[in-house]
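An overview of the molecular structure
Here's the letter readout for the chains.
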Amino acid sequence: MTEPTARAPVREISLHLLDLLENARNAGAQRVSVEVVEDGAAGLLELLVDDDGRGLPAGRSETVFDPFYTTRTTRRVGLGLPLLRAAAERAGGRAEVTSAPGRTTVKASFGLEHVDRAPMGDIVGTLVAFMLMEGAPRLTYRYAASGDEFEFDSALAEEAAGGELTATDVSGWVRDYLAAGMGALRRSIS
Amino acid sequence: MPKIGSIEELRALKERAQKDMKVRLGSGTRITVGLGTCGIAAGARETMRAVVDELARREMDATVNTVGCIGMCFNEPLVDIEQAGSPRITYGNVTADRVPRIIEEHLVGGKVIEEWVVGRLDTGGN
């Protein structure tokens, strides 16, 4: 028996971020940095993901946005980036990838006040899910809004944990720390 | 400004929040959640969260990690449970609300929930 569920199929920006982080891990990145900047003056919400993975083959920075380009032999890309671009453009923004071996940057922007901008969603959930991934790269996260900012570095959290982060760590103190730090800044982009 | 002030600050947070693990599942217990684009779209992040929360609530610890798309997108969210000496079981359509039952019956009770199984791999350990 299947019951209708109340799960809303709302696409969150933080889900796109999780997708990008998974790409970075699959590309063998050792570190990945994420920046979320709420630029009130420009009316933009910007998302920047930068990793040191193997990067895309030359000339593929644009074709990764074509959902039908992907071959089944590489799982590096698929629907993830086309969906990100669609979400950005729907909100009056754009999405681009620049890539070279050892340095891949995905940049997406969204109209901050655009009626079709997806909500940021559960960014803490995204970050903790990522930190639990096997072989997750070192994550640095920076969130800036209205002149304030919050920064997080998974290496410091691991040092405090005395080793790799476990399910118990992230479900408890790491998540609390992130939620408290970001809660102070999360005004308009929830 | 809320930046990480120091390692000490994080350690203190950890001390305050951490409980001693009263139950450690048999070594080699591993829970894997599919977090490819398909899994994410189907709610796998929330499934992952439910797994982590349910383990913490029961004061159990297990290795929890994630994997990308394995080609069974139609059954996402997928959750794999591997335990030493048992076949590897893959559950399909594991929305967050199904997680407590899997942990209760499979991990604690040792009983596979057959109607949710979509794959089984005999690892030769039985």
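For the structure itself, consult the block above.
Here the focus is the overall build of chain B. A tally of helices and strands in chain B yields four helices and seven strands. In chain B, which comprises 126 residues, the share counted as buried stands at 45%. Long-range pairs, those at least 24 residues apart, make up 66% of the contacts in chain B between residues at least 6 apart in sequence. Accessible surface, chain B as shown: approximately 6,100 Å² in total, 48% of it carbon and sulfur.

This part covers the pattern of salt bridges. Under the criterion given, the structure shown has 23 salt bridges over all chains. Between Asp122 of chain A and Arg49 of chain B there is a salt bridge, with its nearest N and O atoms 3.4 Å apart. Taken together, the positions of Asp122 of chain A in the loop between strand 4 (103–111) and helix 3 (123–131) and Arg49 of chain B in helix 3 (residues 44–57) put the pair across two chains. Since its relative accessible area comes to 22%, Asp122 of chain A is described here as partly exposed. Residue Arg49 of chain B is classed as partly exposed on the basis of its relative accessible area of 35%. Residue Asp80 of chain B pairs with Arg88 of chain B through a salt bridge whose shortest N-O separation is 2.3 Å. Residue classification places Asp80 of chain B among the buried residues on the basis of a relative accessible area of 9%. Residue Arg88 of chain B is classed as partly exposed on the basis of its relative accessible area of 27%. Residues participating in the shared-partner salt-bridge network are Asp122 and Arg175 of chain A together with Arg49 and Asp53 of chain B.

Pairing between the strands of a sheet comes from backbone hydrogen bonds, and it takes one of two forms, parallel or antiparallel. All names here are of chain B. Pairing within the open sheet is mixed, and its five strands lie in the order 4-2-5-6-7. With one partner strand each, in any of the chains shown, strand 4 (63–67) and strand 7 (117–121) form the two edges of the open sheet. Each strand of the sheet is rotated relative to its neighbour by a mean of 20 degrees, with strand direction disregarded. Bridge count between strand 2 (residues 30–34) and strand 4: five bridges; the pairing is parallel. From the neighbouring strand, Arg30 faces strand 4, where its bridge partner is Thr63.

A separate point is the packing of helix 1 (residues 13–26) of chain A against helix 3 of chain A. Residues and elements named next belong to chain A. Taken N-terminus to C-terminus, the directions of helix 1 and helix 3 make an angle of 15 degrees; their axes are 9 Å apart at the nearest point. Judged on the interaxial angle alone, helix 3 and helix 1 are roughly parallel. Relative to helix 3, the crossing made by helix 1 is right-handed. When helix 1 is examined against helix 3, the residues Ser14, Leu15, Leu17, Leu18, Leu21 and Arg25 are found in contact with a partner set consisting of Ile123, Thr126, Ala129 and Phe130. Across the contact of helix 1 with helix 3, the residue classes tally to seven nonpolar, two polar and one charged.

Turning our eyes to something else, we now look at the packing of helix 3 of chain B against helix 4 (residues 99–108) of chain B. Residues and elements named next belong to chain B. Across the interface, helix 3 lies against helix 4 with an axial gap of 9 Å and an inter-helix angle of 50 degrees. Classified by the angle between their axes, helix 3 and helix 4 sit oblique to one another. Handedness of the crossing formed by helix 3 with helix 4: right-handed. Touching Thr47, Ala50, Val51, Glu54 and Leu55 of helix 3 are Val99, Pro100, Ile103 and Leu107, all from helix 4. Tallied by class, residues from the contact of helix 3 with helix 4 come to seven nonpolar, one polar and one charged.

Moving on, we come to the environment of Arg94 of chain A. All names here are of chain A. Along the chain, Arg94 falls in the loop between helix 2 (80–90) and strand 3 (95–100). Between the alpha carbons of Arg94 and Ala108 there is a distance of 5.6 Å; along the sequence they are 14 residues apart. Once you skip the residues sitting within four places of it in the chain, Arg94 turns out to touch Ala88, Glu89, Lys107, Ala108 and Ser109. A polar atom in the side chain of Arg94 sits 2.6 Å from the side chain of Glu96.

Taken residue by residue, the interface counts 38 residues in chain B and 43 residues in chain A. Overall, the association of chain B and chain A removes approximately 3,400 Å² of surface from exposure, summing both partners, and the carbon and sulfur fraction of that is 59%. Our count for the contact surface shared by chain B and chain A stands at three salt bridges. Breaking the side of chain B that touches chain A down by element, the ones donating at least two residues are helix 1 (7–17), helix 2 (37–42), helix 3, strand 3 (60–61) and strand 4 of chain B. Take the side of chain B that touches chain A: its biggest share by element is seven residues, from helix 1 of chain B. In the side of chain B that touches chain A, the residues fall into 20 nonpolar, nine polar and nine charged.

Residue and element names in this part refer to chain A. Restricting attention to buried positions, one finds in helix 4 (residues 154–161) the residues Ser154, Ala157, Ala160 and Ala161. Within helix 4, the buried residues cover an arc of 115 degrees as seen down the axis, which keeps them to one side. Where helix 4 begins, the side chain of Asp153 points an oxygen toward the backbone nitrogen of Ala155, at a separation of 2.8 Å. Positive phi shows up at Gly162, right after helix 4, with a value of about 75 degrees.

Here is what the cut-offs are and how they apply
Residues numbered from 1 in each chain as written. Chains lettered and ligands numbered in written order. Predicted model: local features only at pLDDT ≥ 70, side-chain atom pairs only at ≥ 80, totals over all residues. Heavy atoms only, no water. Helix = DSSP H or I, 4+ residues; strand = E, 2+ residues; numbered from the N terminus. Buried < 20%, exposed > 50% of the residue type's maximum accessible area, 1.4 Å probe, protein only. Contact = heavy atoms within 4.5 Å. Areas by Shrake-Rupley, 256 points an atom, 1.4 Å probe, with all protein chains shown as cover. Salt bridge = Lys/Arg side-chain N within 4 Å of Asp/Glu carboxyl O. Pairing = 2+ DSSP bridges. Axes fitted to C-alpha atoms, helices over the stretch in contact; angles between N-to-C directions. Parallel < 35°, antiparallel > 145°, perpendicular 65-115°, else oblique. Left-handed = near helix turned anticlockwise from the far one by under 90°. Nonpolar A, V, L, I, M, F, W, Y, C, P; charged D, E, K, R; others polar. Polar contact = N/O pair within 3.5 Å; in protein donor to acceptor, adjacent residues only side chain to side chain. Buried area = accessible area lost by both parts, 1.4 Å probe. Arc of directions from axis to C-beta.

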